[in-house]
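Chain residues, written in single-letter form:
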Amino acid sequence: MILDAKIPSGSLAEKWDNHRFNLKLINPANKRKYSIIVVGSGLAGASAAASLAELGYDVHCFTFHDSPRRAHSIAAQGGINAAKNYPSDGDSVRRLFYDTIKGGDFRSREANVYRLAQVSNSIIDQCVAQGVPFAREYGGLLANRSFGGAQVSRTFYARGQTGQQLLIGAYSALSRQVGAGNVKLYTRREMLDLVVVDGKASGIVTRDLRNGKIETFAAHAVVLATGGYSNVFNLSTNAKGCNVTAAYRAHKKGAGFANPCYTQIHPTCIPVTGEHQAKLTLMSESLRNDGRIWAPKAQGDKRRPTDIPEEERDYYLERKYPSFGNLAPRDIASRSAKEACDDGRGVNESGQGVFLDFRDSIKRLGEDLIRERYGNLFHMYKKITGDDPYKTPMMIYPAPHYTMGGLWVDYNLMSTVPGLFVLGEANFSDHGANRLGASALMQGLADGYFVIPYTIGDYLARDKPARHPVDKTEFKDAQKVTEDRTAQLVGMKGKRTPESFHRELGLVMWDKCGMARNKAGLEDALAKIPQIREEFWQNLKIIGSGEALNQSLEKAGRVADFLEFGELMCRDALVREESCGGHFRVEHQTEDGEAKRDDKNFSHVAVWEFLGDSVEPRRHVEQLDFENVELAVRSYK
């Protein structure tokens, strides 16, 4: 495996412009000769499919939903970053770049991050033109609010529904191209394998979730935009359908998987209430603009929060990180909440929770303004918990959320398999070891609207890949493997459901590879996961057949991949003998409990190569070079 990041030469600010000029172009009349498969219909997938079709390519877009509007991007609440500096508070492209590099604990590529900051402003213009109803100030200008890890207000938002509104914009652009006949949309189709011919990505294998039909599709290039893998923990903020299958199957066909241990724990989620729960509910990070996070000073204090006087409250983020306070980055805020609960000062019946309190902001700003900013979030919280956040503080606790690891890509967003491009959360490229809030939507739309339309054309023009017939041997073999695997899953007559295996794996992953990791725990996980996997393939029970709608079968296939991928995550976490961002190894921390990096030995991207089911994967390294920022201790105090 050769890791050539293809980072352009020249100054940081000029790399992307120079690179675009040097990319090979395709005559507009020739674009229609090229077919591109886009897997995924969220912000990255929908924006890519719409943009590529607008350019004239023959685009085939696949989603396992009944509509692209059901993609998990809809769940993003708080906002999207851009360096427009509307509040005139000192923001710039350079500052957004630096905040993102620092927020990721200096574990991401400078060139990719700077490009992201550069195109951020164009994203806002694009979305406004599409009619996205961003919040506006009284005079009509777009409003901004703050998010963690920044001391400027650069986050554009649509109340607490930003992801939904942005997805409607991208979906509108996609629908226009579907109506024009430039995009063929395949709904209820799940990608189950990547087809590689002559070393190049040439198509995919899918299963029609309505009737079980397994088919192959060919194209000149494949674009994966299939999201992240936090559901490896079973309980997460992700929709239950989110999975690692498409990315992991591509990994088994030669795509390197980068930094799988980098997962983000979001600090503001509604706490777990019991084993009956199927998923966790995210309360937007935007709430930390006006909400104050605290825990009782006394251990075991179970009084109602309104009965605890001010002097007996510990506003621990404000105390520990006075410069950023409640807007400390997610990894730091999450670990601080865990520390308070581990100290016996947690709230909730389980002791796993802290308070997010709006008392002071309601007094200062008035309930009407708070309702205007966060009303739908407060309503959602009350519907779930029965408590009214206008009268009593929310209870929150960290939970698995975003994943920074993903398939390795170069500067052109192409994986180690030529012709396979990876966008959004499915790749590793922009966030390092911790993602700043409101940057996920930014990356997904940057990749889809402003990067892939340039870079995929360069690949097609230079490599001139063929579009192979689907009766070619490689397509038939991939389809046969998928059919046999499906038959094997359906044919087992065990006693345990896929959900029971997922729950067992999730408990191991959260306990051993969650908010904190250590060598003994990771080694224990690496011993337990193969045992769970072995029982899975011996004692799985699936009701129904593979020739019809069968959600149990869908779940089983995804859990099977999680059982392999979870082991890769733990292996990656064990090798990385440092703490950085969301990867917190308890053996590597400062005297005051902060993450302690090892820049000498781990200032690199770890990329894993699949060598076979019975062979340990091989670890490769892409060294990270910092020419424009100084590696420093990450401080928010």
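Everything below is about the structure shown above.
The following paragraphs examine the structure supplied in this document. Keep in mind it's a predicted model, so treat the numbers as computed, not measured.

1. Here's the deal with the packing of aromatic side chains
In step 1: Under the counting rule described, the total for this entry stands at 25 aromatic pairs.
In step 2: Their ring planes at 85° and their centres at 5.8 Å tell us that Trp 16 and Tyr 454 sit as a pair that is edge-to-face. Separated by 438 residues along the polypeptide, Trp 16 in helix 1 (residues 15–22) and Tyr 454 in helix 12 (residues 440–463) bring together distant segments of the chain.
In step 3: Owing to a relative accessible area of 3%, Trp 16 belongs among the buried residues under this scheme.
In step 4: Geometrically, the ring pair formed by Phe 134 and Phe 156 is edge-to-face, given 6.1 Å between the ring centres and 65° between the ring planes. You can see Phe 134 sitting in the loop between helix 5 (110–130) and strand 4 (155–156) and its partner Phe 156 sitting in strand 4, a full 22 residues away along the chain. Like Phe 134, the residue Phe 156 is buried in the burial classification.
In step 5: In textbook terms, an aromatic cluster arises when at least three aromatic residues are bridged by ring pairs, as seen for Tyr 229, Tyr 248, Phe 257 and Phe 565.
In step 6: The side chain of Arg 20 reaches across the aromatic face of Tyr 454, ending 5.3 Å from its centre.
In step 7: The cationic tip of Arg 115 hangs over the ring face of Trp 16; the distance from NZ or CZ to the ring centre is 4.8 Å.

2. Points about empty space enclosed by the protein
Left-over empty space is what a probe sized like a water molecule reveals as it rolls over the atoms.
In step 1: All chains considered together, the criterion is met by 7 cavities of 30 Å³ or more.
In step 2: In this structure, the largest cavity encloses a volume near 150 Å³.
In step 3: Along its surface, the largest cavity is lined by 14 residues, and Leu 192, Thr 486, Leu 489, Leu 553 and Gly 557 are the ones closest to its centre.
In step 4: Residue assignment for the lining of the largest cavity shows that the elements contributing at least two residues are strand 6 (189–197), helix 7 (245–252), helix 13 (473–491) and helix 16 (551–575).
In step 5: Along the lines of polarity and charge, the residues of the lining of the largest cavity split into 4 nonpolar, 4 polar and 6 charged.

3. Considerations on helix 7
In step 1: Among the 8 residues in helix 7, 7 count as buried, and that is most of the element.
In step 2: Burial in helix 7 covers these residues: Thr 245, Ala 246, Ala 247, Tyr 248, Arg 249, Ala 250 and His 251.

About the thresholds
- Residues numbered from 1 in each chain as written.
- Predicted model: local features only at pLDDT ≥ 70, side-chain atom pairs only at ≥ 80, totals over all residues.
- Heavy atoms only, no water.
- Phe/Tyr/Trp six-rings, centres within 6.5 Å; stacked < 30°, edge-to-face > 60°.
- Helix = DSSP H or I, 4+ residues; strand = E, 2+ residues; numbered from the N terminus.
- Buried < 20%, exposed > 50% of the residue type's maximum accessible area, 1.4 Å probe, protein only.
- Lys NZ or Arg CZ within 6 Å of the ring centre and 35° of its normal.
- 1 Å grid on protein atoms, 1.4 Å probe; cavity = no way out; pocket = protein on both sides within 12 Å on 5 of 7 lines; lining within 4 Å.
- Points joined across faces, edges and corners; volume = space filled by probe spheres on them.
- Nonpolar A, V, L, I, M, F, W, Y, C, P; charged D, E, K, R; others polar.

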